[in-house]
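Residue-level listing of the chains:
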Amino acid sequence: MQSTDLIKPIDAPTPTKPGPTPHVSAADYSSMYAASLNDPDAFWAEQGQRVDWMKPFTKVKNTSFEPDNIDIRWFEDGTLNVSANCIDRHLADRADQTAIIWEPDDPRTEDARHITYAQLHRSVSKMANVLRDLGVEKGDRVIIYLPMIPEAAYAMLACTRIGAIHSIVFAGFSPDALGARINGCDAKIVITADHAPRGGRETPLKSNTDTALLHCKDDVKCLVVKRTGGQTTWTDRDYDCNALMAEASADCPAVEMAAEDPLFILYTSGSTGQPKGVVHTTGGYLVYAAMTHEIVFDYHDGDIFWCTADVGWVTGHSYIVYGPLANGGTTIMFEGVPTYPDAGRFWDVCAKHKVNQFYTAPTAIRALMGAGNDWVEKHDLSDLRVLGSVGEPINPEAWNWYNEVVGKGKCPIVDTFWQTETGGHMLTPLPCTKLKPGAAQQPFFGVQPVVLEPTSGQIIDGNDVEGVLCIADSWPGQMRTVWGDHERFEKTYFSDYKGYYFSGDGCRRDADGDYWITGRVDDVINVSGHRMGTAEVESALVAHPKVAESAVVGYPHDVKGQGIYAYVTLMNGQEPSDELRKELEKWVRTEIGPIAKPDLIQWAPGLPKTRSGKIMRRILRKIAEDDFGALGDTSTLADPSVVDDLIENRMNRG
Ligand code: 6R9
């Protein structure tokens, strides 16, 4: 139970060292927010000046959430190039400033690297020429399957330089998941590395790619970065990235892109079917990433910004690469994990590079909280000014630890609610806001949250209310479509509640009008801040020859936020055993990746179904939560006795 003491509002704290005047004060927030809704065209026309346009836009907002006509365009007649905005335009003033600080997996064997804007320009231009020489043209898709090394940022920016559309696949995904994404967007080339070191272990990315490519077209090429120099196989379609970049010209003009040309595709999980390719476009996304990065983190020139995410997730796109670099900032790219070589790693990196803004996920905070305060206290964190949280609701205990032990009560915490689909922050306090631990609090400029009654879809006005979170109008960072399937875009986000963008999350608006995200209301679970569709894990399980049926739900997990609980019904004649359980865990790891491995597998002789055959997930969730006292109405079940068996053999007790 939360004590009310843990969640009482806290005034925006004053920093340890005198800092710059914040970009936005509490009074500015109210007037700017009102302006952003009253006259979006004027507001965003001004914000659009954050980026350099090759041809200035004359139209600002042209968007429709009308049923059967979901059409979202921002700055549509302007042209620009993202890589020119993130690199070239900074060269006059900050060629020798560090753009990227790269921090290796193992600090005992490798040093951090500082990459200046001039060096970034050279490497990105070279890689862009390599891609071009390999036949990549404007509009082509490029899959990036890399560790957190500078080449991942080079590859992203090289794509944008020549107008290719990148799609990053997290290096923790399996060959099957990689293959599905290569085919899903019909990519011309995969950029990968020999091996990915992480937490002292190595993932064989090149060999995973070879396996994935067995299921792809023969002409897909593979560009390999040598990260470790470890052994790999080599075939006719493989190209050595380091060798080609050494030879390539460092002159590669940035191509002119229309504001609405696709910038990247990022696959993400939903409540049904296989992951969908979320499409972001060039102009609106960049304006929104740059603006949120500057204002939400109160980023100032010369600050050192660290977002601990991986570029395989949207957080890495917007707040490691595009936002910080568009702002001419210094951004840290971290190859490792929070607990390697020890549980002080995050704080060691913060102290070493004098980090000013630190942005991480609640799951990492909870894990480090468990490791004890000594790990934090032995490092000098006095340069920290703003702390951020993202990916899942942060529980007040973790919030308070982050505030007191990491921030010493001197750093505001911005709890940023957003999604792959939204491109940037949607609901978040700003550093000037009076904070409430665990609440995402207030909308960012231009964002119009509404709370709807889940079944009727009626707007719930007033405060102290709860319902589903929708957004009433478009913002520049919004996704534009699902790659190759605009109908799925409309159906997923605009069909349940007509005229609104549906987030898939539930929320509460408290008595003061502040927003609290209560978690997903669909069949998406959030494991360590990673989105996972229960349908994906189920279809992986039923693909195993010994499995007849499966239902997957989330359950509360102390560190991960949610764990994966799988009910499995075996084929006739198959006997449950610990070996089979391990075999299924391994199976899911290979089908999707380690993040999808079920935490608990319960053998289910039968699943609770309605007479029409629908699995009653509500009941399965309750049993997984060890809360079967409140199962609710089970009278519509075809065979109520299966529930008793499931309760008796439940895996999560207490
Ligand atoms: C950026 C990112 C999106 C889902 C989202 C919600 C959850 C993200 C949150 C949060 C509560 C926060 N979520 N931030 N819930 N408070 N501050 O995480 O994108 O991977 O697409 O996940 O994550 O449930 O719908 P993505």
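All chains use their own residue numbering, which begins from 1 and follows the written sequence. Only residues with pLDDT of 70 or above have their local features reported here, since the model is predicted, and side-chain atom pairs are shown and tallied only from 80 upward, although totals for entire chains, interfaces and linings are computed over all residues. The basis for the side-chain values is all heavy atoms of the structure; hydrogens and waters are excluded.

As recorded in an unreviewed UniProt entry, the chain goes by Acetyl-coenzyme A synthetase and comes from Tateyamaria armeniaca. Recorded in UniProt under Sequence similarities (unreviewed entry), the annotation for the chain is "Belongs to the ATP-dependent AMP-binding enzyme family." Of the chain, the UniProt comment under Catalytic activity (unreviewed entry) reads exactly: "acetate + ATP + CoA = acetyl-CoA + AMP + diphosphate". UniProt positions are given in the numbering used here, feature names are shortened, and annotations may be inferred rather than shown by experiment.

On to the packing of aromatic side chains. Only centres within 6.5 Å qualify two rings of Phe, Tyr or Trp (six-membered ring in Trp) as a pair; their planes then separate them into stacked at under 30 degrees, edge-to-face at over 60, and tilted for everything else. Summed over the entire model, instances satisfying the criterion amount to 41 aromatic pairs. Seen in terms of ring centroids, Phe264 and Tyr322 are 6.4 Å apart; in terms of plane orientation they differ by 5°. Their pairing is stacked. Highlighted residues: Phe264 in strand E14 (residues 262-268) and Tyr322 in helix H11 (residues 314-326), separated in sequence by 58 residues. Per-residue accessibility, obtained with a 1.4 Å probe over protein chains only, is compared with the maximum for each type, and a residue is labelled buried under 20%, exposed over 50%, and partly exposed between these values. Residue classification places Phe264 among the buried positions, given a relative accessible area of 0%. Overall, the relative accessible area of 0% leaves Tyr322 in the buried class. Members of the aromatic cluster, each reached through a chain of ring pairs, are Tyr29, Tyr33, Phe43, Trp44, Trp53, Phe57, Trp74, Phe75, Tyr288, Phe444 and Phe445. Ring-over charges, as used throughout, are those where CZ of Arg or NZ of Lys falls within 6 Å of the ring centre and within 35 degrees of the ring normal. When the ring centre of Phe173 is taken as reference, the NZ or CZ atom of Arg181 above it lies at 4.6 Å. The ring centre of Trp516 lies 5.1 Å from the NZ or CZ of Arg508, which sits over that ring. Only DSSP runs of H or I reaching four residues or more are called helices, and only runs of E reaching two or more are called strands; each is numbered from the N terminus.

Looking now at helix H7 (residues 175-184). For an α-helix the count is 3.6 residues per turn, leaving residues at separations of three or four pointing the same way. What H7 keeps buried is the set Pro175, Ala177, Leu178, Gly179, Arg181 and Ile182. Positive backbone phi, approximately 55°, marks Asp186, located one or two places after H7.

Spatially, 7 strands are ordered E5-E4-E17-E16-E18-E19-E20 in an open sheet, and the strand pairing comes out mixed. With one partner strand each, in any of the chains shown, strand E5 (113-116) and strand E20 (413-416) form the two edges of the open sheet. When the angles between neighbouring strand axes are averaged without regard to direction, this sheet yields 20°. In this analysis, strands are considered paired if DSSP registers two or more bridges between them. As paired strands, strand E19 (residues 386-390) and E20 are joined by 4 bridges and run parallel to one another. Counterpart to Val390 in the pairing with E20 is Thr416. Across the sheet, helix H6 (residues 150-162) lies against strand E4 (98-103), E5 and strand E17 (330-334), angled at about 20° from E5, the strand it touches most. Lines fitted to C-alpha atoms define the axes, with helix axes restricted to the stretch in contact, and inter-axis angles between N-to-C directions lie between 0 and 180 degrees. Contacts between residues were defined by any pair of non-hydrogen atoms, one from each residue, lying within 4.5 Å.

Glancing now at the nonpolar core. Residues Leu120, Ile182, Tyr322 and Phe445 are the most contacted members of the largest nonpolar core, which totals 155 residues. Ignoring sequence-local partners within four residues, the contact set of Leu120 consists of Ile87, Ala99, Ile100, Ile115, Tyr154, Leu157 and Leu325. Ile304, Tyr402, Cys411 and Ile413 belong to the second largest nonpolar core, which has 29 residues in total. Each nonpolar core is a collection of buried residues, namely Ala, Val, Leu, Ile, Met, Phe, Trp, Tyr and Cys, held together in the definition by side-chain atoms within 4.5 Å.

Another aspect to go through is the UniProt feature "binding site: ATP" (unreviewed entry) in the chain. Annotation from UniProt places "binding site: ATP" (unreviewed entry) at Gly391, Glu392, Pro393, Asp415, Thr416, Phe417, Trp418, Gln419, Thr420, Asp505, Arg520 and Arg531. Inspection of the secondary structure puts Trp418 in the loop between E20 and strand E21 (449-452). Residue classification places Trp418 among the buried positions, given a relative accessible area of 10%. In the analysis that follows, any N or O atom pair within 3.5 Å is treated as a polar contact, provided that within protein one partner can donate a hydrogen and the other can accept it, and provided that, for residues neighboring in sequence, both atoms belong to side chains. Only 3.1 Å separates the side chain of Trp418 from the side chain of Tyr359, close enough to count as a polar contact.

In this section: the sheet that holds strand E22 (residues 465-471). The sheet built from 4 strands is open, its strands ordered E21-E22-E24-E25 with antiparallel pairing. The two strands at the open ends of the sheet, each matched to only one other strand, are E21 and strand E25 (515-520). Sheet twist, expressed as the mean angle between neighbouring strand axes with direction ignored, is 45°. In this structure, strand E24 (residues 501-509) lies alongside E25, joined through 5 bridges in antiparallel fashion. By the bridge assignment, Cys507 is partnered in E25 with Ile517.

Further remarks concern the UniProt feature "binding site: Mg(2+)" (unreviewed entry) in the chain. UniProt feature "binding site: Mg(2+)" (unreviewed entry): in the numbering of this structure it lies at Val542, His544 and Val547. Examined against the element boundaries, Val542 turns out to sit in helix H17 (residues 534-542). You can call Val542 partly exposed: its relative accessible area is 38%. When residues no more than four places from it in sequence are discounted, the contact partners of Val542 are Val547, Ala548, Glu549 and Ser550. Judged by its relative accessible area of 1%, Val547 is buried. If we skip the residues at most four places from it in the chain, Val547 touches Leu541, Val542, Val568, Thr569, Leu570, Met571 and Leu584.

For the bond running from Tyr340 to Pro341, omega is -5°, close enough to zero to count as cis. Following the sequence through the fold, Pro341 ends up in the loop between E17 and helix H12 (345-352). The residue Lys408 is not glycine, and still its phi comes out positive at about 50°. As for its position among the elements, Lys408 is in the loop between helix H15 (396-406) and E20. Classification of Lys408 by relative accessible area gives partly exposed; the value is 43%.

Bringing the pattern of salt bridges into the picture now. Here a salt bridge means any side-chain nitrogen of Lys or Arg lying within 4 Å of a carboxyl oxygen belonging to Asp or Glu. A full pass over the atoms with the stated rule returns 37 salt bridges. Residue Glu260 is joined to Arg480 by a salt bridge in which the shortest nitrogen-to-oxygen separation is 2.9 Å. In this pair, Glu260 is assigned in the loop between strand E13 (257-258) and E14 and Arg480 in the loop between E22 and strand E23 (481-482), connecting sequence segments 220 residues apart. Of the charged contacts, one joins Asp523 and Arg617 as a salt bridge, the two residues approaching to 4.0 Å between their closest N and O atoms. Placement of Asp523 in the loop between E25 and strand E26 (524-527) and of Arg617 in helix H19 (residues 617-624) is noted, with a sequence separation of 94 residues between them. In this structure Asp523 comes out as partly exposed when scored by relative accessible area, which is 22%. Linked through salt bridges whose partners overlap, the residues forming this network are Lys206, Asp210, Arg237 and Asp238.

Secondary-structure assignment places Asp303 in the loop between helix H10 (283-296) and strand E16 (304-307). Within the structure, Asp303 has its side chain in polar contact with the side chain of Gln357 (distance 3.0 Å). If near-sequence neighbours (up to four positions away) are discounted, Asp303 is found in contact with Asp298, Thr330, Asn356, Gln357 and Arg385.

We now examine the state of the cysteines. Note on disulfides: each one is a pair of cysteine sulfur atoms within 2.5 Å. According to the stated counting rule, one finds 0 disulfides in the structure shown. Of all cysteine sulfurs in the structure, the one in Cys159 sits closest to Cys252, which takes part in no disulfide; the separation is 11 Å. The thiol of Cys411 is unpaired, and the distance to the nearest cysteine sulfur, on Cys350, comes to 10.0 Å.

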